[in-house]
Amino acid sequence: MFGFIKNKLKKIYNQFTSKIQGIFSSKTIDEQTLYELKKILLSADTGVKTTKTLIEHLRQEHKSGKIGDGAELKQSLENKLNNILSTDKIEKNTKVYLLVGVNGSGKTTFSAKLANKFTKDGKKVLLAAADTFRAAATEQLEQWASKTNTQIVTGGQKQDPGSVVFQACTKFREEKFDVLIIDTAGRLQTKTNLMNELEKLRKIIDKKLPEESVETFLTIDAMLGQNSFEQARLFNESTNVSGVVLTKMDGTGKGGIIFALKEEFNLTVEYISYGEQLNEFEKFEPKKYVTELLEK
Ligand SMILES: Nc1nc2c(ncn2[C@@H]2O[C@H](COP(=O)(O)OP(=O)(O)O)[C@@H](O)[C@H]2O)c(=O)[nH]1
Ligand SMILES: [Mg+2]
């Protein structure tokens, strides 16, 4: 599982893998087999609702004689997982990325990773430090900007983040940048304040750069388990999230959340991030992921 995300992660997932391989190699299937599979899915953070649906469908297929052994079970599970992750999302030529998510979920780090990647691809990249809530937040992004040779727009502490975004959008257009990456605050006095502010930032972008394709990426810390579901719910209800960046995958073997996010919130994981080095992230590829998950 996850062999494609380099050896760093391989170790973490081996345990999950050996357990599921045992099930796939069994000659017969019974309630106990389904129960074992359910336990594995739940322990991988696949979520109660998604796991229940999967197991119930497999049980019905077993009862009707469609799946009789571990190999057939595996094939059916693989199809179902692929179905969950399948999207009809069209690849857009995204120019503006708005990073949202709770404090510590990895927004600033991922902003830097994305900036670094695009710069290496030969694009002209602009970072915007719209987390003016804490002075340290701007400093952190400034350090990444100099490390990655990226231009940055900053504001003073407690300056209206909207004015930083406004300035960044102006600079983006006037100086013909290719990509704009906006890092935001994850905490304000209240949740309502935060959500209102994010909405306001999005409006400024849409108004200033109406012709550009914008993505709002929600960073979710994969290590938080059930808490991540709460965050997904909160942000999904209040902001226009277009995709998820699943961070800190190096700290957990629980990749099941990817299925739950899609099944329960219709949120698509776009990137997975697994370390503090600039190159430690990947574009998420659903088919490859499911194969790795079940094969290795
Ligand atoms: N192990 C690991 N640490 C990460 C990852 N992404 C971010 N971090 C660390 O998590 C902490 C919070 O990240 P930060 O980007 O500042 O989160 P923000 O508050 O959402 O901007 C920092 O110490 C980061 O170095 C990751 O993918 N893996
Ligand atoms: Mg930050």
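Within every chain, residues take consecutive numbers counted from 1 along the sequence as written. For this description, chains carry letters from A and ligands carry numbers from 1, given in the order in which they are written. Residue-level local features of this predicted model are given only where pLDDT is at least 70; pairs of side-chain atoms are given and counted only at 80 or more, and the full residue set underlies all totals for whole chains, interfaces and linings. For the side-chain quantities, the full set of heavy atoms in the structure was used; hydrogens and water were omitted.

Peer 1: Mind showing me how you'd approach the environment of phenylalanine 110 here?
Peer 2: Note that phenylalanine 110 resides in helix α5 (residues 107–120). As a C-alpha pair, phenylalanine 110 and leucine 126 span 16 residues in sequence and 14 Å in three-dimensional space. When residues no more than four places from it in sequence are discounted, the contact partners of phenylalanine 110 are Leu99, Val245, Tyr271, Ser273 and Phe281. Every helix listed is a DSSP run of H or I at least four residues long, and every strand listed is a run of E at least two residues long, numbered separately from the N terminus. Here a residue-residue contact requires only that any non-hydrogen atoms of the pair lie within 4.5 Å.

Peer 1: Would you mind going over the site of ligand 1 with me for this structure?
Peer 2: Gly104, Lys107, Thr109, Asp250 and Glu276 are the nearest of the 16 residues found near ligand 1. For the purposes of these results, a polar contact is taken to be a pair of N or O atoms within 3.5 Å, where, inside protein, one atom must be able to donate a hydrogen and its partner to accept one; residues adjacent in sequence count only when each atom of the pair is a side-chain atom. For ligand 1, an oxygen atom lies 2.7 Å from a polar atom in the side chain of lysine 107. It is α5 that provides the largest number of residues to the shell around ligand 1, a total of four residues. Residue type decides the class: Asp, Glu, Lys and Arg count as charged, Ala, Val, Leu, Ile, Met, Phe, Trp, Tyr, Cys and Pro as nonpolar, and the leftover types, Gly among them, as polar. Looking at side-chain class alone, the shell around ligand 1 contains two nonpolar, nine polar and five charged residues. Near residues are defined by distance, with any heavy atom within 4 Å of the molecule or strand qualifying the residue.

Peer 1: I'm lost on helix α10 (residues 257–265) in this one. Help?
Peer 2: Helical geometry: 3.6 residues make up each α-helical turn, so side chains three or four residues apart lie on a common side. Throughout, exposure labels follow a simple rule: accessible area from a 1.4 Å probe, protein chains only, divided by the maximum for the residue type, with under 20% read as buried, over 50% as exposed, and the rest as partly exposed. Of all nine residues making up α10, seven are buried, and the element is well covered by its neighbours. Of all the residues in α10, the buried ones are Ile257, Ile258, Phe259, Ala260, Leu261, Lys262 and Phe265. Looking one or two residues beyond α10, the residue adopting positive phi is asparagine 266, at roughly 55°.

Peer 1: Sorry, what's going on with the layout of surface pockets here?
Peer 2: To find leftover empty space, one rolls a probe the size of a water molecule over the atoms. Looking at the largest pocket, its volume works out to about 540 Å³. Elements with a minimum of two residues in the lining of the largest pocket: α4 (70–85), β1 (94–100), α5, β5 (213–221), β7 (269–273) and α11 (286–295). Of the residues belonging to the lining of the largest pocket, the class tally is 10 nonpolar, seven polar and 11 charged. Per the annotation, domain bounds derive from an automatic or database assignment of domains. A domain-level breakdown of the lining of the largest pocket finds at least three residues from each of domain 1 (3–85) and domain 2 (94–247). As defined here, a cavity is a set of points on a 1 Å grid over the protein atoms alone where a 1.4 Å probe fits but cannot get out. A pocket is an open set with protein on both sides within 12 Å along at least five of seven lines, and residues line them when an atom is within 4 Å of a point. Grid points are joined across faces, edges and corners, and a volume is the space filled by probe spheres set on the points.

Peer 1: Mind showing me how you'd approach the side chain of aspartate 131 here?
Peer 2: Structurally, aspartate 131 is set in the loop between β2 (125–130) and α6 (135–147). On the basis of relative accessible area, aspartate 131 is assigned to the buried category, the value being 4%.

Peer 1: When you look at the nonpolar core in this model, what are you seeing that I'm missing?
Peer 2: Generally speaking, soluble globular proteins have nonpolar side chains that are buried together. Judged by nonpolar contacts, the single largest core of 66 residues is most densely connected at Leu37, Leu180, Ile182, Leu246 and Leu261. Viewed by domain, this core spans two of them, domain 1 (3–85) and domain 2 (94–247), each represented by three or more residues. Excluding residues that lie within four positions of it along the chain, leucine 246 makes contacts with Ile220, Ala222, Ile257, Ile258, Val269, Tyr271, Ile272 and Ser273. Grouping buried Ala, Val, Leu, Ile, Met, Phe, Trp, Tyr and Cys residues that are joined through side-chain atoms within 4.5 Å yields what is termed a nonpolar core. Within the second largest apolar cluster, 17 residues are counted, among which are Phe110, Phe118, Phe217 and Tyr271.

Peer 1: Help me understand the packing of helix α3 (residues 48–63) against α4, please; the structure alone is not making it clear to me.
Peer 2: Packed helix pairs are specified by the crossing angle of their axes together with the interaxial distance, meaning the distance between the axes. Where helices are involved, their axes are fitted lines through C-alpha atoms of the stretch in contact, as for all axes, and angles between N-to-C directions lie from 0 to 180°. Running from N to C, α3 and α4 point in directions that differ by 140°, and their axes come no closer than 11 Å. Of the possible angle classes, the one that applies to α3 and α4 is oblique. Here the hand of the crossing between α3 and α4 comes out right-handed. Judged by residue contacts, Thr50, Leu54, His57, Leu58 and Glu61 of α3 engage Leu73, Ser76, Leu77, Lys80, Leu81 and Ile84 from α4. Split into classes, the residues belonging to the contact of α3 with α4 amount to six nonpolar, three polar and two charged. Each angle is binned into one of four classes, with values under 35 degrees roughly parallel, values over 145 roughly antiparallel, values of 65 to 115 roughly perpendicular, and all other values oblique. Should the near helix be turned anticlockwise from the far one by less than a right angle, the crossing is termed left-handed; should it be turned clockwise, right-handed.

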